[in-house]
Amino acid sequence: MSRTIKKFNADHQHALGELDQLEAALREIEASGSVDGRRAGVEDFTRFLEHALMVHFRQEEDALFPAMIKKAPHTRGLIQVMLDEHREITGAHGRMIAELTKAEPDAAVISKAGRTILYFLRPHIDKEETALQPMATEILSPEELEEVDRLADRYN
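Below, the structure is looked at part by part. Note that the structure is predicted; figures quoted are calculated from it, not measured. (Residues numbered from 1 in each chain as written. Predicted model: local features only at pLDDT ≥ 70, side-chain atom pairs only at ≥ 80, totals over all residues. Heavy atoms only, no water.)

**A few points about the nonpolar core**
- Residues Phe45, Leu49, Met96, Ile110 and Ile117 are the most contacted members of the largest nonpolar core, which totals 26 residues.
- Elements with a minimum of two residues in this core: helix H1 (3-32), helix H2 (39-71), helix H3 (76-100) and helix H4 (107-139).
- Broken down by element, the residue count for this core peaks at 8 residues, all from H4.
- Here Met96 is in contact with Leu22, Val42, Phe45, Thr46, Ile110, Ala113, Gly114 and Ile117, once residues within four sequence places are set aside.
- By size, the runner-up hydrophobic cluster in this structure holds 19 residues, among which are Met82, Ile139, Leu145 and Leu151. (Core = buried A, V, L, I, M, F, W, Y, C linked by side-chain atoms within 4.5 Å. Buried < 20%, exposed > 50% of the residue type's maximum accessible area, 1.4 Å probe, protein only. Helix = DSSP H or I, 4+ residues; strand = E, 2+ residues; numbered from the N terminus. Contact = heavy atoms within 4.5 Å.)

So this is what it looks like as structure tokens:
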């Protein structure tokens, strides 16, 4: 198996734990109507996700997805769904960061952005692990997977 795909699996496990923490923070924010007391936790999540967006998403978009489309054009539909989800997650992340720059962030804005991330990212991870990655390891040769690894290494 590609070391990049192995890394993706480890990233996913870490992300699921981070999402659980975000969800707990959102429940408290929604119950209190205030970001106070949970701001640091939400900011920690945004830093985690920023790194994930800059590394994991780029590795997929610049290394894995093009290799899959080149080898198996029929994967284009699934990959387009994944790209659309990347955009949704990135957009919600940006809205959350923008709101956190304010002295008194609006709890409703933080909640909505966080819920959008939860809505898209958990199923996104599931699709990667149950559809995309098995498909990649089936259709790409060992040499093609090595090339994916080489290209993905640019973002480590």
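After that view of the structure, there is still more to cover.
**Digging into the environment of Asp11**
- Looking at where Asp11 falls in the secondary structure, it is placed in helix H1.
- Placed 45 residues apart in sequence, Asp11 and His56 show a C-alpha to C-alpha distance of 7.9 Å.

**Description of the pattern of salt bridges**
- Inspection of the entire model under this criterion finds 16 salt bridges.
- With its nearest N and O atoms 3.7 Å apart, the salt bridge here joins Arg38 to Glu28. Linking Arg38 in the loop between H1 and H2 with Glu28 in helix H1, this pair joins segments that are 10 residues apart in sequence.
- Here Glu85 and Lys127 are joined by a salt bridge, their closest N and O atoms 2.7 Å apart. Of this pair, Glu85 sits in helix H3 while Lys127 sits in helix H4; the two residues are 42 residues apart in sequence, bridging distant segments of the chain.
- By relative accessible area, which is 10% here, Glu85 ends up buried.
- Using a relative accessible area of 23% as the deciding quantity, one classes Lys127 as partly exposed. (Salt bridge = Lys/Arg side-chain N within 4 Å of Asp/Glu carboxyl O.)

**Some remarks on the packing of aromatic side chains**
- Across all of its chains, the model carries 2 aromatic pairs by this definition.
- Between Phe45 and Phe48 the ring centres are 5.9 Å apart and the planes differ by 50°, which places this aromatic pair in the tilted class. Residue Phe45 and its partner Phe48 are located together in helix H2, separated by 3 residues, close to a single helical turn.
- Residue classification places Phe45 among the buried residues on the basis of a relative accessible area of 2%.
- On the numbers, 5.0 Å between centres and 85° between planes, the contact of Tyr119 with Phe120 is edge-to-face. (Phe/Tyr/Trp six-rings, centres within 6.5 Å; stacked < 30°, edge-to-face > 60°.)

That is the geometry; function is a separate question.
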